[in-house]
Amino acid sequence: MPINLICMFLACGRKLEKSRSKPTQTRGLDRTQDPPAKVLHSFPMMGAGKEDSDEEVAAPLLYKSQRLSTERIWTLLHEAGRLKAKGNIFYREKNIRSAVSCYHRALLIIRSVDPEVTRPVKGYSPDTIEFVAEQVDVLREVQLDCYNNLAACLLQKPSVDYSRVLKYSLLVLKWRPANVKALYRAGVATLGTGNAQEAKEYFIKAHREQPNDARVRRHLQMAEEKLNLEHEREKAMCRDMFSSN
């Protein structure tokens, strides 16, 4: 083979080796670098489509260099409110699975801008997220409505996870201690786990706030009846112990 042809083959081999060592690029994105930040509400929730997914999945945080303006926050809050309203429609249609999905997605957006979450995160500062007082009020209202509605959805399931119902209700009561729906559902959850005394306390608080609520009165009576039954059993056990002696 001629020497010049051999040299040509060797040169081509070196170029091919160099091209393989370079990082590939797609649409201007270097795969060796982090992808650019995306619109927050476009992120699907981990486990999306699963009814039992939890909203406490870590939210997609903004890059430290990205500034979140007041207008952008309004856009995100509007999207969260839209998802909550969509979830309410699904709930009225008895489509609990889709309702739960909407509430989780709304909470994911809220979590990504909630000052209670982002303030302790390294890299955030007061000028990274431009909040106004009204936005915090709207954020909290949407957030607590979603927690309350998630508790309501869980109570519609054939097999109720009372621990999660209580969890969501307590998250509401943290900010709204007199919220009747949260008090009522916390009472239902604790009664379902067998703690009639604590359930009675929740129902009493709810009854004080809304004396004419028939559901609250009925469950308060159920808690009192269960406590009376437990008291009678304890008395019977005591009698049996003393009679055996």
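Conventions adopted
- Residues numbered from 1 in each chain as written.
- Predicted model: local features only at pLDDT ≥ 70, side-chain atom pairs only at ≥ 80, totals over all residues.
- Heavy atoms only, no water.
- Axes fitted to C-alpha atoms, helices over the stretch in contact; angles between N-to-C directions.
- Helix = DSSP H or I, 4+ residues; strand = E, 2+ residues; numbered from the N terminus.
- Left-handed = near helix turned anticlockwise from the far one by under 90°.
- Contact = heavy atoms within 4.5 Å.
- Nonpolar A, V, L, I, M, F, W, Y, C, P; charged D, E, K, R; others polar.
- Disulfide = S-S within 2.5 Å.
- pLDDT = per-residue confidence, 0-100.
- 1 Å grid on protein atoms, 1.4 Å probe; cavity = no way out; pocket = protein on both sides within 12 Å on 5 of 7 lines; lining within 4 Å.
- Points joined across faces, edges and corners; volume = space filled by probe spheres on them.
- Expected span 1.5 Å × (residues − 1).
- Buried < 20%, exposed > 50% of the residue type's maximum accessible area, 1.4 Å probe, protein only.
- Polar contact = N/O pair within 3.5 Å; in protein donor to acceptor, adjacent residues only side chain to side chain.
- Phe/Tyr/Trp six-rings, centres within 6.5 Å; stacked < 30°, edge-to-face > 60°.
- Salt bridge = Lys/Arg side-chain N within 4 Å of Asp/Glu carboxyl O.

A. Summary view of the packing of helix α5 (residues 133-155) against helix α7 (residues 180-192). The contact between α5 and α7 brings their axes to 10 Å, and the two run at 35 degrees. Remark: the crossing between α5 and α7 carries left-handed chirality. Seen from α5, the contacting residues are Asn-148, Ala-151, Ala-152 and Leu-155; seen from α7, they are Lys-181, Ala-182, Arg-185 and Val-188. Per-class residue counts for the contact of α5 with α7 are five nonpolar, one polar and two charged.

B. The arrangement of the state of the cysteines in detail. Under the criterion given, the structure shown has zero disulfides. No disulfide involves Cys-102; its nearest neighbouring cysteine sulfur is the one of Cys-146, lying 9.3 Å away.

C. Representation of the confidence of the model for the protein chain within the structure. Per-residue confidence for the protein chain gives a mean pLDDT of 78, with 67% of residues at or over 70. Taken together, the stretch residues 19-65 has pLDDT below 50 and engages in 73 contacts with residues farther than four places along the chain or on a different chain.

D. Region of the structure containing the layout of surface pockets. When its volume is computed, the second largest pocket comes out at roughly 200 Å³. At the level of secondary structure, the elements contributing two or more residues to the lining of the second largest pocket comprise α2 (70-92), α5 and α7. The dominant element in the lining of the second largest pocket, judged by the number of residues it contributes, is α5, at four residues. Class assignment for the residues of the lining of the second largest pocket results in three nonpolar, three polar and four charged.

E. Focus on α7. The terminal C-alpha atoms of α7, which comprises 13 residues, lie 18 Å apart, in line with the 18 Å expected from a rise of 1.5 Å per residue. The element α7 is largely enclosed, with a buried count of eleven among its 13 residues. Between the side-chain oxygen at the start of α7 and the backbone nitrogen of Lys-181 there is a gap of 3.2 Å, and the oxygen is on Asn-179.

F. Quick look at unusual backbone geometry. Non-glycine residue Lys-94 carries a positive phi angle of around 65 degrees. Residue placement: Lys-94 occurs in the loop between α2 and α3 (96-113).

G. Layout of the packing of aromatic side chains. For the structure shown, the criterion picks out two aromatic pairs. Measuring from ring centre to ring centre gives 6.1 Å for Tyr-147 and Tyr-168, while their planes differ by 20 degrees; the resulting arrangement is stacked. Of this pair, Tyr-147 sits in helix α5 while Tyr-168 sits in helix α6 (residues 162-175), and the two are 21 residues apart along the sequence. Of the two residues, Tyr-147 and Tyr-168, neither departs from the other in class, the shared state being buried.

H. Looking closely at the pattern of salt bridges. On inspection of all chains with the given rule, the structure shows four salt bridges. The closest approach of N and O atoms between Arg-140 and Asp-114, which form a salt bridge, is 3.0 Å. With Arg-140 in helix α5 and Asp-114 in the loop between α3 and α4 (115-118), this pair connects stretches of sequence that are 26 residues apart. The class for Arg-140 is buried, based on a relative accessible area of 6%. Residue Asp-114 is classed as buried on the basis of its relative accessible area of 3%. With a closest N to O distance of 4.0 Å, Asp-213 and Arg-215 form a salt bridge. What makes Asp-213 buried here is its relative accessible area of 12%.

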